[in-house]
Amino acid sequence: MGKQEKILPIKGETNVLITSALPYVNNVPHLGNIVGSVLSADVFSRYNKARGRPTLFVCGTDEYGTATETKALEEGVTPRELCDKYNKTHAEIYEWFEIGFDIFGRTSTQQQKDITQDIFRRLYENDFLIERTSQQPYCEKHKSFLADRYIEGTCPKCGYEDARGDQCDKCGSVDYGPLDLKNARCKIDLDVTPVVRETRHIHIRLDKLQPDIDKWFTRASQKGNWSNNGKVITESWLKQGLRDRGITRDLRWGTPIPLDVFSDEKDREIYKDKVFYVWFDACIGYVSITASYTEEWEKWWRDPKDVKLYQFMGKDNVPFHAVIFPGSQLGTGETWTMLHHLSTTEYLNYENGKFSKSRGVGVFGNNAKDTGIPPDVWRYYLLKHRPETADSQFEWRDFIAQNNNELLAKLGNFVNRIIKLVNSKTYNSAVPDYLQMFEDPIFDSAKDEINQRLTQYLKELELVNLKDGLQSAMDLVQAGNNFVQSHKLDNKLAANEPQRAATVTGMAINIIYLCASIFEPYLPATSKSILEQLNAPFLPIPEHWTADYIRPHHQIGKAKYLFTQIDPKKEDEWRGMYGGTQSERLKKEEEAAKKTAAKVAAKARKVEQKSKKSESHQAPGEAVSTQQNIEATATKGAEPVDVGKEPVDSVTSGVQQITLPSS
């Protein structure tokens, strides 16, 4: 087998460069991460390739930074060994979801070092860098400055003893620094109290670059039709006014700073043990991963005239892609392919709560396979619920219903019904001669409707409205179903009106052929199965459907089911496996609290009754307050209900007040 040709842009054509946010190497992605970046980018990549456009889809693991170095220390391995392990994990997860990267690389490469250092040198030469001095906590045991998240101590606001340097998980405060913590300790070496040391770092002058960034943003966001949240977030940053930001860190694991820019030996000594801050060089990873793919990477990244760059991510990544990386490109003074379209999502939540790896709540990339449900079902559900303009929810009941009522009942049954008919004795797996009535006006409305649905599909995909594009594809399936139903296609029609039946069958086969094309970006395995059943090659997505691609007498393959029914009873099983719902937890807590309140009230009534009986037999001065008896009993019998930070309602039962979680 010969060496595969590299995908390169072609002069004068629509060349599409696609990136999805680089997943941080330490994290196993959950469903929200997957749909927000790699899956969305994959759909758009497959679509453009199905239109015949030169398209390159680039991604890889973001491997440098404090978190990697610290995690490696915790696991007793080198950062390289840790990255090797998790890069493989990520690659396996995305492969299972059938994410079709042209390259899934990594940022810890020689190409990353070379390109990042070159950009740094250009920024240095153009006077867009400045040095700042600051004080930071330092661990003398493992000889490293501590990032905010790796120093712990007592919160200066509420006194919580396990607050982090950047946030207190108890009171939620973020308006303090790591040096404000009391009883501070290194998170890695818990017996060590950090000391304060002075450190010097290089900052990029985003304030000086802002005029150029402003002009570029105004032009690019309008021309590229950015997602609204991407525009709003970028505008917010620019309106506040950009400030210089540090681009170096006191770490060993990262892209080293080129020392040849410093003329002073003391400066070279200071910066020899520092690296670039991961937020500065992570986006450069798109370029370096492309350089790992092909030595001709500049054809993609230095041709803004012929290449359009589309970037996919969650909204939390917007500032890095819409301000910092473009600012770095502009600051070099060189020609770069810059962001054309920014596609950003809101958050996908899990059963009315949030995904949490530590608490085992939610489906993560390595869990989906364990359910036995094929990747295409996951892809369909996630893309249909893609949080394009607002947060959305993953719910097991809805997941099962959409497999059974949409994929199976509509797309699956439509394909299966027609192919089984052609497989039957009526046609013996050969497409009937449908051309005799093909031009009959009674079929014009059906042809027009299919083309209207196709036009809408193309419009949505060109605008990167992926969710609406999927709905347009399903609308086309429904149009095909309606066409077959309106002509009452079955063996009886074939016997009584053979020419009409042949034309309906031939057109239906060609509608299915079109479905294999338009669903390929969304459901690649389903598309492949349809093509196998049709015994036909892939049809590039056309501008206009002519209804006669598969010709009369073409021999098709055997019918196979595209989807299978999911037992609704699996809902409770899967919910239990993956952490349940936040609403279910609150409901159980509320029920438990109500039972406690009822017991307290019952005991209080008994105490009051006993008190009334005994009062008539007690001597003056011996009487015990009924109120005291009730309160003592209530206090003894009622355990406090821990509702954390959830909102509460107050419910009064007798005299003892108990707080219950709100529904």
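It should be emphasised that the depicted structure is a prediction, and the values quoted were computed from it without experimental measurement.

Chemist: Break down the overall build of the protein chain for me, with residues and values.
Modeler: Scanning the protein chain from terminus to terminus reveals 22 helices and 18 strands. Residues classed as buried in the protein chain amount to 54% of the 663 residues present. Taking all contacts inside the protein chain whose residues are at least 6 apart in sequence as the whole, residues at least 24 apart take part in 77%. With an accessible surface of roughly 31,100 Å², the protein chain has 47% of that area assigned to carbon and sulfur atoms.

Chemist: Go over the sheet that holds strand 9 (residues 195-204), please, and point to the residues and values.
Modeler: By definition, the strands of a sheet pair up through backbone hydrogen bonds, in either a parallel or an antiparallel sense. In space, the 4 strands of this open sheet follow the order 5-4-9-10, with antiparallel pairing throughout. A strand with exactly one partner marks an edge of an open sheet, and here the two such strands are strand 5 (144-145) and strand 10 (245-246). Both strand 9 and strand 10 contribute to a ladder of 2 bridges, which runs antiparallel. When the bridges of strand 10 are listed, histidine 203 appears paired with glycine 246.

Chemist: Got a sec to walk through the nonpolar core? Specific residues and values, please.
Modeler: Residues Trp301, Trp378, Phe399, Tyr457 and Phe519 are the most contacted members of the largest nonpolar core, which totals 157 residues. Leave out the neighbours within four places in its chain, and tyrosine 457 touches Tyr47, Gly469, Ser472, Ala473, Ile518, Pro521, Tyr522 and Ile541. Core analysis: the next-biggest nonpolar cluster, separate from the first, contains 11 residues, Ile151, Cys168, Ala184 and Val192 among them.

Chemist: Any details on the pairing of strand 13 (residues 307-314)? Residues and values, ideally.
Modeler: Summarising burial for strand 13: 7 of the 8 residues are buried, a large majority. Strand direction decides the pairing type here: strand 1 (residues 15-20) and strand 13, joined by 6 bridges, are parallel. Looking across to strand 13, one finds that valine 16 is bridged to lysine 308. Where strand 13 lies against strand 14 (residues 339-345), 6 bridges are found, and the strand directions are parallel. Residue pairing across strands places glycine 314 opposite threonine 345, the latter belonging to strand 14. Read from strand 13 through helix 12 (residues 318-332) to strand 14, the crossover connection turns out right-handed.

Chemist: Outline the packing of helix 13 (residues 375-384) against helix 14 (residues 396-423), listing residues and values.
Modeler: One can describe the packing of helix 13 onto helix 14 by two numbers: an axis separation of 10 Å at closest approach and a directional angle of 110°. Considered as vectors, helix 13 and helix 14 are oriented roughly perpendicular to each other. Each of Val377, Trp378, Tyr380, Tyr381 and Lys384 in helix 13 lies in contact with helix 14, whose residues at this interface are Trp396, Asp398, Phe399, Gln402, Asn403, Glu406 and Leu407. The residue makeup of the contact of helix 13 with helix 14, split by class, is 7 nonpolar, 2 polar and 3 charged.

Chemist: Please provide a residue-by-residue account of the pattern of salt bridges, values included.
Modeler: Evaluated as defined, the whole model comprises 47 salt bridges. One salt bridge in this structure joins arginine 164 and aspartate 169, with 3.4 Å as the shortest N-O distance. Residue class for aspartate 169 comes out partly exposed when judged on its relative accessible area of 41%. For glutamate 449, the salt bridge goes to arginine 453, with nearest N and O atoms at 3.5 Å. One end of the pair, glutamate 449, and the other, arginine 453, are both in helix 15 (residues 444-462), 4 residues apart, so they sit about a helical turn from each other. Under the relative-accessibility criterion, glutamate 449 is labelled partly exposed at 26%. A residue is classified by how much of its surface remains accessible, and arginine 453, at 32% relative accessible area, is partly exposed. Taken together, the shared-partner salt bridges in this structure form one network comprising Asp118, Arg122, Glu125, Glu298, Arg302 and Glu334.

Chemist: Can you lay out unusual backbone geometry for me, pointing to particular residues and giving the numbers?
Modeler: Not every positive phi belongs to a glycine, and glutamate 98 is a case in point at roughly 60°. Relative to the helices and strands, glutamate 98 resides in the loop between helix 4 (79-96) and strand 3 (103-106). Phi angles above zero are rare outside glycine, and lysine 488 is one such case at about 50°. By the element assignment, lysine 488 lies in the loop between helix 16 (466-486) and helix 17 (491-496).

Chemist: Before we move on, can you summarise the sheet that holds strand 2 (residues 55-61) with the specific residues and values?
Modeler: Taken together, 5 strands build an open sheet; the order of strands is 3-2-1-13-14 and the sheet is parallel. Pairing within the sheet leaves two strands with one partner each, and these edge strands are strand 3 and strand 14. Ignoring which end each strand starts from, the neighbouring axes of this sheet average 20° apart.

Chemist: So, the side chain of serine 37: which residues are in play, and what are the values?
Modeler: Looking at where serine 37 falls in the secondary structure, it is placed in the loop between helix 1 (31-36) and helix 2 (38-50). Judged by relative accessible area, which is 10%, serine 37 ranks as buried. Other than its neighbours up to four places away in sequence, serine 37 contacts Ser20, Ala21, Phe312 and Met313.

Chemist: Explain the packing of aromatic side chains to me, and be specific about the residues and the numbers.
Modeler: Aromatic ring pairs are reported here in terms of the distance separating the ring centres and the angle at which the planes meet. Per the counting criterion, the structure on display carries 36 aromatic pairs. Three or more aromatic residues joined by ring pairs make a cluster, and in this case those are Tyr350, Phe355, Phe364, Trp378, Tyr381, Phe394, Trp396, Phe399, Trp574 and Tyr578. Stacked on the ring of tyrosine 293, the Lys or Arg lysine 6 has its end atom at 4.5 Å from the ring centre.

Chemist: Please set out the packing of helix 2 against helix 13 residue by residue, giving values where relevant.
Modeler: The contact between helix 2 and helix 13 brings their axes to 11 Å, and the two run at 100°. Judged on the interaxial angle alone, helix 13 and helix 2 are roughly perpendicular. Within the contact between the two elements, helix 2 uses Leu39, Asp42, Val43 and Arg46 and helix 13 uses Arg379, Leu382 and Leu383. Across the contact of helix 2 with helix 13, the residue classes break down as 4 nonpolar, no polar and 3 charged.

Chemist: Account for the pairing of strand 2, with residues named and values stated.
Modeler: Among the 7 residues of strand 2, 7 are classified as buried, and the element is accordingly described as predominantly covered. The two faces of strand 2 match: Thr55, Phe57, Cys59 and Thr61 on one face and Leu56, Val58 and Gly60 on the other face are all buried. In this sheet, strand 2 lies alongside strand 1 in parallel orientation, the contact comprising 4 bridges. Looking at strand 2, one finds that threonine 19 is bridged to valine 58. In this sheet, strand 3 lies alongside strand 2 in parallel orientation, the contact comprising 4 bridges. What sits directly across from glycine 60, in strand 3, is glycine 105.

Chemist: Which residues make up helix 5 (residues 110-125), and what are the values?
Modeler: An α-helical segment advances 3.6 residues per turn. Residues three or four places apart therefore align on the same side. With 16 residues, helix 5 extends 23 Å between its outermost C-alpha atoms, agreeing within 8% with the 22 Å of an ideal straight helix rising 1.5 Å per residue. Those residues of helix 5 that sit buried are Gln112, Ile115, Thr116, Gln117, Ile119, Phe120 and Leu123. As for helix 5, its buried residues are in contact with strand 4 (129-139), strand 9, strand 12 (275-276), helix 9 (278-281), helix 10 (284-293) and helix 12. Immediately beyond the C-terminal end of helix 5, within one or two residues, lies aspartate 127, with a positive phi of roughly 65°.

Chemist: Summarise the environment of phenylalanine 483; cite the residues concerned and give the values.
Modeler: Its place among the elements puts phenylalanine 483 in helix 16. Classification of phenylalanine 483 as buried rests on a relative accessible area of 5%. Spatially, the C-alpha atoms of phenylalanine 483 and isoleucine 450 are 9.6 Å apart, while their sequence positions differ by 33 residues. If we skip the residues at most four places from it in the chain, phenylalanine 483 touches Phe443, Ala446, Val504, Met507, Ala508 and Ile511.

Chemist: Explain the side chain of serine 429 to me, using residue names and the numbers behind them.
Modeler: Along the chain, the position of serine 429 falls in the loop between helix 14 and helix 15. For serine 429, a relative accessible area of 7% translates into the label buried. Aside from chain neighbours lying at most four places away, what touches serine 429 is Val422, Asn423, Ser424, His554, Gln555, Ile556 and Lys558.

The rules behind each value
Per chain, the residues get numbers from 1 upward, laid out in the order the sequence is written. Reporting of local features is limited, given that this is a predicted model, to residues whose pLDDT is at least 70; pairs of side-chain atoms are given and counted only at 80 or more, and all residues count toward the totals for whole chains, interfaces and linings. Working from all heavy atoms in the structure, the side-chain values ignore hydrogens and water. For the purposes of this entry, the term helix denotes a DSSP run of H or I that reaches at least four residues, the term strand denotes a run of E that reaches at least two, and both are numbered from the N terminus. The buried label applies to any residue whose accessible area, calculated with a 1.4 Å probe on protein chains only, is under 20% of its type's maximum; exposed applies above 50%, and partly exposed to all values in between. In this description, contact between two residues means that some pair of their heavy atoms is separated by no more than 4.5 Å. To be clear on the numbers: accessible area is Shrake-Rupley with a 1.4 Å probe, and residue cover counts the displayed protein chains and nothing else. Two strands are counted as paired when DSSP detects at least two bridges linking them. Throughout this description, the term nonpolar core refers to a set of buried Ala, Val, Leu, Ile, Met, Phe, Trp, Tyr and Cys residues connected via side-chain atoms within 4.5 Å. The crossover handedness rule: strands pointing away from the viewer, path from first strand over the helix to second strand clockwise, crossover right-handed. Here an angle of 0 to 180 degrees is reported between the N-to-C directions of two axes, which are lines fitted to C-alpha atoms, with helices fitted over the stretch in contact. An angle below 35 degrees is read as roughly parallel, one above 145 as roughly antiparallel, one from 65 to 115 as roughly perpendicular, and any other as oblique. For this scheme, ten residues count as nonpolar: Ala, Val, Leu, Ile, Met, Phe, Trp, Tyr, Cys and Pro. Four count as charged, namely Asp, Glu, Lys and Arg, and the remainder, Gly too, count as polar. Salt bridge, as used here: a side-chain nitrogen of Lys or Arg that lies within 4 Å of a carboxyl oxygen of Asp or Glu. Aromatic contacts are taken between Phe, Tyr and Trp rings whose centres are within 6.5 Å, Trp giving its six-membered ring; a plane angle under 30 degrees counts as stacked, one over 60 as edge-to-face, and the others as tilted. The rule for a charge over a ring is simple: NZ of Lys or CZ of Arg within 6 Å of the ring centre, and within 35 degrees of the ring normal. Residue count minus one, scaled by 1.5 Å, sets the expected span of a helix.

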